[in-house]
Amino acid sequence: MESSAGGLRNTSVVVVTLETSEVYIVVSLSSRTDTQVIYIDPTSGSLQHDRKRGYDVFNTQDEALNYITDGSKSASKSTVYAKAILGYIVLGSVALLLVATNLAASIPYLPGGGCIYTISESKWIKILLQNPLQQGKGEVKNIQELTELEIDGKHFFCETRDITHPFPSRFSLQNPDDEFVWNGWLSFAFRRIGLEHHCVILLQGFAGYRTFGSLGQQDGNVALIARRSRLHPGTRYIARGLNSCYSTGNEIECEQLVWVPKRSGQNVPFNMYLWRRGTIPIWWGAELKMTAAEATIYVSNRNPYKGSARYYQRLSKRYNARNLGVASANQNKSGLVPIVCVNLLRNGEGKSESILVQHFEESLNYIRSTGQLPGTRIHLINYDWHTSIKMKGEQQTIEGLWYHLKAPTISIGISEGDYQHSRQHIEDCEGEQIYNDDITGFFCLQALQNGVIRYNCADSLDRTNAASYFGALQVFTEQCRRLGIFLDNDLASDHNTRRNSYSDKSWKRFDMTFEEFKRTTILSPVCELADLFLIAGDIHATLYTGSKAMHSHILSIFSEEAAKAKQFSVAQNMKITLQRRYNNAVVDSYRQKQLEMFLGLRLFKHLPSVTVQPLHVLSRRFSFLLKPIASIDQTPDDGDSLLCFKQKDLIWISEQAADIIQLFIYLGEPCHVCQLLLTISHGADDSTYPSTVDVRTGRDLDALKLVLEGASIPRCPNGTNVVIPIPGAVSDEDMGLKTRSSLHTPPTNPSFLYDFEGLEGEVDFLTRVVVLTFYPAESTSSPVTLGEVEVLGITLPWRNIIASEGPGLKSLTHVSKDNANSFPSKTSSSSNVFGTTNDVLPHVKCDTSRNTQVDLLSGEDIVSRSDSQPMTEISLRDPSLDMCLDHKEENDPQRISVQDKTPTKTAAQHYINCFEILTAVDNKLGFSEAMKLEIERLRLNLSTAERDKALSSIGIDPAMINPNTLIQESYINSLCKAANTLAILGQTYLEDRTTGCIGLDALDDNNDIDFWNINRIGEGCCGESCQVHAEHLILTLTSTSTSSSESTYLCSTCRRRVCQVCCAGKGAILLRNNTGGSSYNDIDGVICKLCCQDSVLDALTLDYIRVLISQLRNRQAEAATFKACAQVVGTNYISGKKFEAGKILELLHNEEESLAEFPFGSYLHSIESASGSAPPLSLLAPLNSGLQQSYWRAPASSSCVELVIVLGNLSDVSGVVLLVSPCGYSMSDAPTVQIWTSNRIHKEERSCVGKWDIRSLITSSPELCGPEKSGKEGQYPRHIRFDFRNPVRCRLIWIKLTIQKVVSSSVSFGKDFNLLSFDEDLPSGPGRRASIGGTSESDPCIHAKRILVVGCPVKADTGRSFEHANSIKNWLEKGPLLNRYKVQVDSEKLIDNDLVLEQNISPSSPFSAGFRLDGFTAIKPQLTHSPYSDVNSLGTSSIVFEHRFISPAVLHIQVSALQGSSEETVMVAEYRIPEVKGGTAMYFDFPKVMNSKKMFFRLVGDVTGFADDPEEGGDTGRPVAAGLCLLNRIKLYYYAHPTDLGRWASLSGI
Ligand SMILES: [Zn+2]
Ligand SMILES: [Zn+2]
């Protein structure tokens, strides 16, 4: 196979699975010379690649393989060799890697280079991940089905050129046309790690080429590329006509490229012709009845032409030559883009297809009448193909087609040009020049096609393929003629002599009869072309119907065997008809689902629990234990193996029985910690594993916070994976409120609607230290066993943030952007997410809602509450943020104005005000009022803790306003169901809307009614102009309320005029359409509240609350993102002037790397900064980050600073480089630098490597003094290098900077000042000495720009397997003294909405010592509410954090028992339930043995966070997921010695 693009090698992909089950992807691209290694995290499935040479970047594939396998072949369990990566996704506990193992070069060498490969063999590599994520059976089945999708032979790609746009593409590979990219979702994982080229851009359809010649010699090449649009994917009976994305089923763009092959170095002339095919762009379908011969065609009776205009608009944009910036020869004077529809349907009277023909015509009339497409002219040619063949025969039918096509084809024309190998003569090109980074030369286009012909039949299959062939054939002969390839038969004898006379007539074959054509044309190229169309037709037919094309013998009409083919085809057609019928009936919906999943669509339905952005395991790879822990084994690994995956079955044993075991984990990268994953590990006795754990987290050792206390770890079988969700830190004050309120809340009030009390913990993306304190069970006195410990979290895409580019930056710009055009309309079209009804606010609220917004990028503090709210406040008053504001070039004018506007009332006061208004009439709050109040609270940005505090201040128990308890119990279920349906419909709508925008300008829907249209308190009907009066204004306020807009609408149901307040939200229309069974997914029109059921309105309200809660959390996470960025690069980074470090490499010597660079390097202890200084972490930030003028300064008071730097990994350090601040040094602030190295945190263990005095240096190097001269950009910055005598292997570096505060006149030079490599050799003049200054000399402080630790990383030698000594083995094998046996339960029943299990214990039973709980089978669905903005929060590219991880739904189980003679119910214990795979046995011991005849097990916590797999169980009729049901899931046990029970022991074991 010829290598494409002139590369020296073909792309090679090796997927290596090690014995440990770890998987590596080793990729050597044809377009590069090196090899990348991508590691698949075995727990989370996330891809890991850090661009570290010698670690995951290598010179050759062999070098990489050698590194992975440690040089031994036996280390790998399996190896797959492949030729391209097509995609990778993590689906819960399974990861799927799709690779092409065999390719066919379909078009080996395009003009200008590039090879198009068709995938001839592909393979899904399934990787089972080691996490306990619970997935439903339906999901597991769907994942399996996804891997059964047919890839081979039907998909193609080009590694080096963009082929998603018409040839030659004006775009580089990075900017494909989304409409034709089929693996956009599948390839996202590679884009996220910055290796987007490592996954090819996959197209569906056909690509093929033929060479042909007129006289036995090769004259030309013809290529046919047929790209299938992905905007309306699906099979025949499901995807027909238009969908909500304004695209039609079976929509294909075809491209016929003809060129003359030339020797390399010569220009390549070519021309190209494009056409389209697809089903009719109106809303129609076909109903299949098994009895009828043909399917019944119907056209949607509501709005059947909705979106038709958008469809043509997309075509018009793509085929408008003017858009391409060149005056085309083909462009007509009017400048219109012609779209010519060739409709091949039966049009006879009584034919079922004729209804479509009528509507097709009507739809075009409709579009013309609306004037929506001013620049486009649409023609319709009706040409009844079947009837014509029947009446006139094939030959006349073809002639007739040519007659119709002649004028449009000539007027639309073709694109022509040549490829030139060098850009030397680019100026000479007359026409459009096309070049991009992917090609070396350029294309010069002299003519461009303007407009397009579009073919259709009913399915756009057989007739379409045939007719488009005969149309394209005419163009083909013309294409050849223009390239000087003569197909004239009568000229064949002497074609050189007569070339210029006769043959110059263009498009002459249009005027020929069929016989003339056949007689005068050399037929072999014609047959070659027919061959391409035959294959393409079969592929499209198979993709759409699951069977080959029919009636295709007509394509062979020019070949000798045409007659034979005809006979054969009768039988063939019969067989295909039957096959299609079967497929349509049985397989279509299955294939539809496959396609949607492949494209990443409707995942919230097909794979509801699947995480878009998996968590990362931060405790692996570069992380380590700060303090060694002693093990009974004689291995000196100090416990590091606990963090290492290589020994998943490791049993670590403590030296002796211990009260606690404490692990100080330093994470490999900063993150927000979300989960602790434990692998339960013990010998025969499971009681040696600890029973509870405390978790502390922090940015460094000085800032640790207790985030989880006494979390239960159940006894589980060896090897069980247990996830303990970790909440964010919560302030003591909030915690106190929570505890109090939970005491007040009677236990009978579960939150079925939403989590009323949920606390929002702090989010910190810079968490680096995790301390785990394990407590053994009190009963044990033996050594403690531990298994692998993993910390999972969310990392920010630092590389992109620092480079200000890539998908990660989206999150940042999203933070900064005013959600200018958000979904569904008004809520977010104002800059304010709460803006829905701003203008109509009663006076009391004046500007607060506007001010609760925080402009995150400019760092503005608009949260103007004067009372302090320590935890949930996202105020950017945080001093850590202000630090970076000093170098702001221009001060934000808004900042001042905002402060001027400070409202007189705080949010809490407003909230209380609302409460008082609502309770003014009636002293009690009803359900709807309580919901309204909660909405108000969320709009005011009050956290639950703040709410509770506000309420208690006026003596109100928050439980009183909890909507969860105020709702009628019988109503809960239907309301929740409606809200969940609404969420799905809203998400579907958004997904379609997003997809529909591909290739089009975004729609600007000007609509005042948003998705929910929830009125604020005090808002009422506007009065006279409204005929509905749904919302009466009962409440009197200080000001009269009027509707914000005077405009009224027309209710689409009752046809009454209705004001904005009395309209139901748009979501109501979705719900109504859904119950109508329509596939229609639009929100046109309005519906009034009186025409809606109350449950619909309540569902909108409930959904809105969920949305607001999610928004609140989102803002918190975004604020945390912003804060984290500010801590590294400064607040103004995105917009400010970047620091240009110039030639970084010059600072490093050969083979050296920067070892302490953020995000890998960090500090062990907090560092103080002066106010206005750049953040301390900026010292370690990558060189090309941060602002030009900013640098770090210690507080003026400190004369000594110690930086303890943790390196990215164990390294041989050869020195430290200090970049001088822009202000330069002076004698008073030039520090003394002392450096130590060590591996552990104890100061005593460190060893000094040197001490340097910069003051002595600056006397000899005056260029270090004084402010940086401007205009020196691009050169490398001023720096000082401290070289170590010998490289030192270490993980920690201590750097102590000291200045002498007392101005001393003499500088002492010690003997150990060995100095300093100096590359810069500038002449020193006395004049420059005088300019010493920068920071004022009167107040010197320690400062620096950057610190680089340089040296070579060392491959960590962790994970060596070892054997326990025999004595230890024996100890492990020893079983427990006592075994667990089942306590007999007489009866059990569910009470309180199934959340409580009551067990009656037989009086003769022994005392129970604990209970066994089998893991729940409910899943955590990703979709919990409708989307609140245009940004698809479930979309891969926009998401950085998932709420499911930041605010995890946690369940607890409370055990109580009937006790004593008074038969009182006494609480025994409460256990936080970790997440395990469904059905896993977990044993929880009671604090003491229980003697009670009745036990109660109550499930508490966020039950709304769980759901059942929709494909598994149906509707249970209960608000709690069936998978959480406690029935048969709990068994009591007692402990006994096996011999005491005799032969019964084996029967009642548990
Ligand atoms: Zn009204
Ligand atoms: Zn109405």
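Residues numbered from 1 in each chain as written. Chains lettered and ligands numbered in written order. Predicted model: local features only at pLDDT ≥ 70, side-chain atom pairs only at ≥ 80, totals over all residues. Heavy atoms only, no water.

Going by an unreviewed UniProt entry, the protein chain carries the name SAC domain-containing protein and comes from Tagetes erecta.

A.B. asks: Before we go on, may I ask you to explain the overall build of the protein chain in this structure?
C.D. replies: Regarding its fold elements, the protein chain presents 32 helices and 52 strands. A buried classification covers 61% of the 1550 residues belonging to the protein chain. Within the protein chain, contacts between residues at least 6 apart in sequence are counted, and of these 77% link residues at least 24 apart. Per element, the accessible surface of the protein chain, about 60,000 Å² overall, is 50% carbon and sulfur. (Helix = DSSP H or I, 4+ residues; strand = E, 2+ residues; numbered from the N terminus. Buried < 20%, exposed > 50% of the residue type's maximum accessible area, 1.4 Å probe, protein only. Contact = heavy atoms within 4.5 Å. Areas by Shrake-Rupley, 256 points an atom, 1.4 Å probe, with all protein chains shown as cover.)

A.B. asks: I keep staring at the state of the cysteines and nothing clicks. Help me out?
C.D. replies: Between two cysteines, a covalent bond joining their sulfur atoms is known as a disulfide. Applying the stated criterion across every chain yields a total of one disulfide. Each sulfur in the disulfide pair Cys-429 and Cys-444 lies 2.1 Å from the other. Between Cys-429 and Cys-444, the S-S dihedral sits near 90°, and the bridge is therefore right-handed. Remark: Cys-444 occurs in strand S21 (residues 442–447) and Cys-429 occurs in the loop between strand S19 (415–420) and strand S20 (432–434); sequence separation between them is 15 residues. The exposure class of Cys-429 is buried, given its relative accessible area of 9%. Summary of cysteine pairing: Cys-1223 is not part of a disulfide, and the nearest cysteine sulfur, belonging to Cys-1341, is at 7.6 Å. (Disulfide = S-S within 2.5 Å.)

A.B. asks: Is there a simple way to think about the sheet that holds strand S49 (residues 1464–1473) in this case?
C.D. replies: Pairing between the strands of a sheet comes from backbone hydrogen bonds, and it takes one of two forms, parallel or antiparallel. With respect to topology, five strands assemble into an open sheet ordered S45-S46-S51-S48-S49, the strand pairing being antiparallel. Of all the strands in the sheet, the pair left with one neighbour each is strand S45 (1385–1391) and S49. Neighbour-to-neighbour, the strand axes of this sheet turn through a mean angle of 20°, independent of strand direction. (Pairing = 2+ DSSP bridges. Axes fitted to C-alpha atoms, helices over the stretch in contact; angles between N-to-C directions.)

A.B. asks: In this structure, what is going on with the environment of Ile-439? I would like to understand it.
C.D. replies: Tracing the backbone through its elements, the reader meets Ile-439 in the loop between S20 and S21. Measuring from C-alpha to C-alpha, the distance between Ile-439 and Gly-112 comes to 7.1 Å, with 327 residues separating the pair along the chain. Not counting the four nearest positions on each side in its chain, Ile-439 is found in contact with Gly-112, Arg-161, Tyr-419, Arg-423 and Ile-434.

A.B. asks: Mind showing me how you'd approach the UniProt feature "transmembrane region" (unreviewed entry) in the protein chain here?
C.D. replies: Sites flagged by UniProt as "transmembrane region" (unreviewed entry) map to residues 85–110. Helix makes up 0% of residues 85–110 and strand makes up 81%, while its end C-alpha atoms are separated by 22 Å. (UniProt positions renumbered as here; feature names shortened; annotations may be inferred.)

A.B. asks: I tried to follow the pairing of strand S7 (residues 84–91) on my own but got confused; where do I start?
C.D. replies: Regular strands place side chains that alternate from one sheet face to the opposite one. Summarising burial for S7: eight of the eight residues are buried, a large majority. Pairing between S7 and strand S8 (residues 94–107): seven bridges, direction antiparallel. Within the sheet, the bridge partner assigned to Gly-87 lies in S8 and is Leu-98. Between S7 and S8, which pair antiparallel in sequence order, lie two residues; one of them, Gly-92, sits at a positive phi of approximately 70°.

A.B. asks: Help me understand the coordination of the zinc ion (ligand 1), please; the structure alone is not making it clear to me.
C.D. replies: Each donor-metal-donor angle would ideally measure 109.5 degrees in four-coordinate tetrahedral geometry, or 90 or 180 degrees in six-coordinate octahedral geometry. Taken together, the protein ligands of the zinc ion (ligand 1) are Cys-1021 (SG), Cys-1026 (SG), Cys-1059 (SG) and Cys-1062 (SG), with distances of 2.2 to 2.3 Å. Taken together, the four donor atoms surrounding the zinc ion (ligand 1) define angles of 102 to 117° at the centre, an arrangement classified as tetrahedral. Each donor residue of the zinc ion (ligand 1) lies on the same chain, and together they follow the pattern C-x4-C-x32-C-x2-C. Of the two residues, Cys-1059 and Cys-1062, both sit in the buried class. (Donors = N, O, S within 2.8 Å, 3.2 Å for Na, K, Ca; no water. Tetrahedral: all angles 85-135°; square planar, octahedral: opposite > 155°, others 65-115°.)

A.B. asks: Is there a simple way to think about the environment of Asn-221 in this case?
C.D. replies: With respect to the helices, strands and loops of the structure, Asn-221 is situated in strand S12 (residues 220–228). With relative accessibility at 5%, the residue Asn-221 sits in the buried group. Between the alpha carbons of Asn-221 and Val-258 there is a distance of 5.6 Å; along the sequence they are 37 residues apart. Setting aside its immediate chain neighbours within four residues, Asn-221 contacts Tyr-209, Arg-210, Thr-211, Phe-212, Leu-257, Val-258, Trp-259 and Pro-261.

A.B. asks: Explain the pattern of salt bridges to me, please; I cannot follow it from the model alone.
C.D. replies: With the rule as written, the count across this model stands at 50 salt bridges. Across the salt bridge formed by Lys-593 and Glu-145, the nearest N and O atoms sit 3.7 Å from each other. Within this pair, whereas Lys-593 is found in helix H11 (residues 562–599), its partner Glu-145 is found in helix H2 (residues 137–146), the two being separated by 448 residues in sequence. For the pair Lys-593 and Glu-145, a shared accessibility class is recorded, and that class is buried. With a closest N to O distance of 3.1 Å, Glu-788 and Arg-620 form a salt bridge. Of this pair, Glu-788 sits in the loop between strand S31 (785–786) and strand S32 (789–794) while Arg-620 sits in the loop between strand S23 (616–617) and strand S24 (624–625), placing them 168 residues apart in sequence. The class of Glu-788 is buried, set by a relative accessible area of 0%. Judged by its relative accessible area of 5%, Arg-620 is buried. (Salt bridge = Lys/Arg side-chain N within 4 Å of Asp/Glu carboxyl O.)

A.B. asks: Sorry, what's going on with the sheet that holds strand S52 (residues 1530–1536) here?
C.D. replies: Overall, antiparallel pairing links the four strands, which are arranged S44-S52-S47-S50 in an open sheet. Lying at the two open borders of the sheet, with one neighbouring strand each, are strand S44 (1379–1382) and strand S50 (1481–1490). Strand-to-strand twist of the sheet, defined as the mean angle between neighbouring strand axes without regard to direction, takes the value 35°. Looking at chain direction, S44 and S52 are connected through four bridges and run antiparallel. In the strand pairing of S52, Asn-1379 is matched with Ala-1536.

A.B. asks: Sorry if this is basic, but what is going on with the coordination of the zinc ion (ligand 2) here?
C.D. replies: Within the protein, the zinc ion (ligand 2) binds to Cys-1051 (SG), Cys-1054 (SG), Cys-1088 (SG) and Cys-1091 (SG); these donor distances fall in the range 2.1 to 2.3 Å. Coordination at the zinc ion (ligand 2) comes from four donor atoms whose angles at the metal span 102 to 117°, giving a geometry best classed as tetrahedral. The motif formed by the donor residues of the zinc ion (ligand 2), counted along the single chain, is C-x2-C-x33-C-x2-C. In this pair, Cys-1051 is assigned in the loop between strand S33 (1048–1050) and strand S34 (1057–1059) and Cys-1088 in the loop between helix H25 (1066–1075) and helix H26 (1094–1128), connecting sequence segments 37 residues apart.

A.B. asks: Would you explain the side chain of Arg-1529 in this entry?
C.D. replies: Looking at the secondary structure, you find Arg-1529 in the loop between strand S51 (1494–1501) and S52. Nearest to the buried, unbridged Arg-1529 among oppositely charged side chains is Asp-1414, at 6.3 Å. Filtering out sequence-adjacent residues up to four positions away, Arg-1529 remains in contact with Arg-1412, Leu-1413, Asp-1414, Gly-1415, Phe-1416, Thr-1417, Ala-1522 and Gly-1523. (Lys, Arg positive; Asp, Glu negative; His and termini not counted.)

A.B. asks: Explain the packing of helix H4 (residues 308–318) against helix H5 (residues 354–370) to me, please; I cannot follow it from the model alone.
C.D. replies: For any two helices packed against each other, the geometry comes down to the angle between their axes and how far apart the axes lie. Running from amino to carboxyl end, H4 crosses H5 at an angle of 80°, the nearest separation of the two axes being 10 Å. With respect to H5, the axis of H4 lies roughly perpendicular. Together, Ser-308, Ala-309 and Tyr-312 of H4 and Phe-360, Leu-364 and Ile-367 of H5 make up the contact between the two elements. Per-class residue counts for the contact of H4 with H5 are five nonpolar, one polar and no charged. (Parallel < 35°, antiparallel > 145°, perpendicular 65-115°, else oblique. Nonpolar A, V, L, I, M, F, W, Y, C, P; charged D, E, K, R; others polar.)

A.B. asks: Sorry if this is basic, but what is going on with the packing of aromatic side chains here?
C.D. replies: For any pair of aromatic rings, the description consists of the separation of the ring centres together with the inter-plane angle of the planes. Overall, the coordinates contain 38 aromatic pairs when judged by the stated rule. Taken together, a centroid distance of 4.9 Å and an interplanar angle of 65° make the contact between Tyr-469 and Phe-470 edge-to-face. Here the two residues Tyr-469 and Phe-470 agree in accessibility, since each one is buried. A ring pair is formed by Tyr-1381 and Tyr-1534, whose centres lie 6.0 Å apart and whose planes are at 45°; its orientation type is tilted. Of this pair, Tyr-1381 sits in strand S44 while Tyr-1534 is found in strand S52, placing the two residues 153 residues apart along the sequence. Just as Tyr-1381 is buried, Tyr-1534 falls in that class too. Here Arg-1380 stacks its cationic end above the ring of Tyr-1533, 5.5 Å away from the centre of that ring. Positioned above the aromatic ring of Phe-1445, the side-chain terminus of Arg-1444 is 6.0 Å from the ring centre. (Phe/Tyr/Trp six-rings, centres within 6.5 Å; stacked < 30°, edge-to-face > 60°. Lys NZ or Arg CZ within 6 Å of the ring centre and 35° of its normal.)

A.B. asks: Just checking my understanding: could you explain H25 for this structure?
C.D. replies: Counting buried positions over the 10 residues of H25 gives seven, a clear majority of the element. For H25, the elements touching its buried residues are helix H24 (969–996) and H26.

A.B. asks: How should I be thinking about the packing of helix H8 (residues 462–482) against helix H10 (residues 523–545) in this particular structure?
C.D. replies: Relative to each other, H8 and H10 sit at 145°, their axes nearing to 10 Å. As for how H8 packs across H10, the hand of that crossing is right-handed. Here H8 contributes Asn-465, Ser-468, Tyr-469, Ala-472, Leu-473 and Phe-476 to the contact with H10, which in turn contributes Pro-525, Val-526, Leu-529, Ala-530, Phe-533 and Gly-537. Looking at the contact of H8 with H10, its residues break down into nine nonpolar, three polar and no charged. (Left-handed = near helix turned anticlockwise from the far one by under 90°.)

A.B. asks: Help me out: how do you make sense of unusual backbone geometry in this one?
C.D. replies: Peptide bonds are, in most cases, trans, and in most cases residues other than glycine have a negative phi. With an omega of -10°, the peptide bond running from Phe-167 to Pro-168 counts as cis. Its location among the elements puts Pro-168 in the loop between strand S10 (155–158) and helix H3 (188–192). The omega angle of the peptide bond from Phe-1158 to Pro-1159 is 10°, so this bond is cis rather than trans. Looking at where Pro-1159 falls in the secondary structure, it is placed in the loop between strand S35 (1153–1154) and strand S36 (1162–1163). Of note, Ser-21 is a non-glycine position whose phi angle comes to about 75°, a positive value. Within the element layout of this structure, Ser-21 appears in the loop between strand S1 (12–18) and strand S2 (23–28). Taking relative accessible area as the criterion, Ser-21 reaches 31% and is therefore assigned partly exposed.

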